[in-house]
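Geometric and topological summary
Chain residues, written in single-letter form:
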Amino acid sequence: MAARLHTGDTVVVITGKDKGKKGKIARIFREENRVLVEGVNLVHRHTRPTPRNPNGGIIEREQPIHASNVMLIDPSTGKPTRVHFKTDDKGNKIRVAKSGEEIATPKREKK
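This one's a predicted model, so the numbers in the text were calculated from it and none came from an experiment. Starting afresh in each chain, residues are numbered from 1 along the sequence in its written order. For this predicted model, a pLDDT threshold of at least 70 governs which residues receive local features, and a threshold of 80 or more governs which side-chain atom pairs are given and counted, while totals over whole chains, interfaces and linings are taken from all residues. Only hydrogens and water are removed before side-chain values are computed, so all heavy atoms of the structure are retained for them.

**Quick look at the packing of aromatic side chains**
For this analysis, a ring pair means two rings from Phe, Tyr or Trp (six-membered ring only for Trp) whose centres lie within 6.5 Å, classed as stacked if their planes differ by under 30 degrees, edge-to-face if by over 60, and tilted for the remaining angles. Applying the stated criterion across every chain yields a total of zero aromatic pairs. Over the aromatic face of Phe85 sits the side chain of Lys93, whose NZ or CZ is 5.8 Å from the ring centroid. Only Lys NZ and Arg CZ are tested; either one counts as a charge over a ring when it is within 6 Å of the ring centre and within 35 degrees of the ring normal.

Okay, structure coming up:
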């Protein structure tokens, strides 16, 4: 199955408590069909003091949300769009927005 979302894509949340928020995809969990979006779905984690974190306290962190709850941002209009696939002249599969604009695949960062 082709991937409509890639790490580094800018998406908007279309439903849930963070509806309307925009962010960049930090990580994709393909097995669970979830994505981790920067600055979205923040939860408070209560931690006890450890050698790594001697103060403990309440930490705010992002949690994954279901991939169906986000939509890719159209590069030409800046609005949420559905993604279609086409093949280019070389036979490569490319992502295309509803407006017909080609969506570039973000460069992968090396670890």
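**Points about the UniProt feature "domain: KOW" (unreviewed entry) in the protein chain**
UniProt positions are given in the numbering used here, feature names are shortened, and annotations may be inferred rather than shown by experiment. Sequence positions flagged by UniProt for "domain: KOW" (unreviewed entry) are, in local numbering, residues 4–31. Only DSSP runs of H or I covering at least 4 residues are called helices, and only runs of E covering at least 2 are called strands; the numbering of each starts at the N terminus. Secondary structure over residues 4–31 splits into 0% helix and 43% strand, and the C-alpha atoms at its two ends are 15 Å apart.

**Details of the nonpolar core**
Leu5, Val11, Val35, Val37, Ile65 and Val70 are the most contacted members of the largest nonpolar core, which totals 15 residues. Secondary-structure elements contributing two or more residues to this core are strand S1 (10–13), strand S2 (22–29), strand S3 (34–37) and strand S7 (70–73). Setting aside its immediate chain neighbours within four residues, Val35 contacts Leu5, Ile25, Arg27, Ile28, Pro64, Ile65, Ala67 and Val70. Working definition of a nonpolar core: buried Ala, Val, Leu, Ile, Met, Phe, Trp, Tyr and Cys residues. They are joined through side-chain atoms within 4.5 Å. We call a residue buried when its accessible area falls under 20% of the maximum for its residue type, exposed when it is over 50%, and partly exposed in between, using a 1.4 Å probe and counting protein chains only. Contacts are residue-level and defined by heavy atoms, with any inter-residue pair within 4.5 Å sufficient.

**Examining the sheet that holds strand S9 (residues 83–87)**
At least two bridges found by DSSP between two strands are what make those strands a pair. What the three strands build is an open sheet, ordered S9-S10-S11; its pairing is antiparallel. In the strand order of this sheet, the two ends are held by S9 and strand S11 (102–103), each with one partner. Inspection of the sheet shows S9 paired to strand S10 (residues 93–97) by five bridges, in the antiparallel sense. Each residue of the ladder has a partner; that of Thr87, found in S10, is Lys93.

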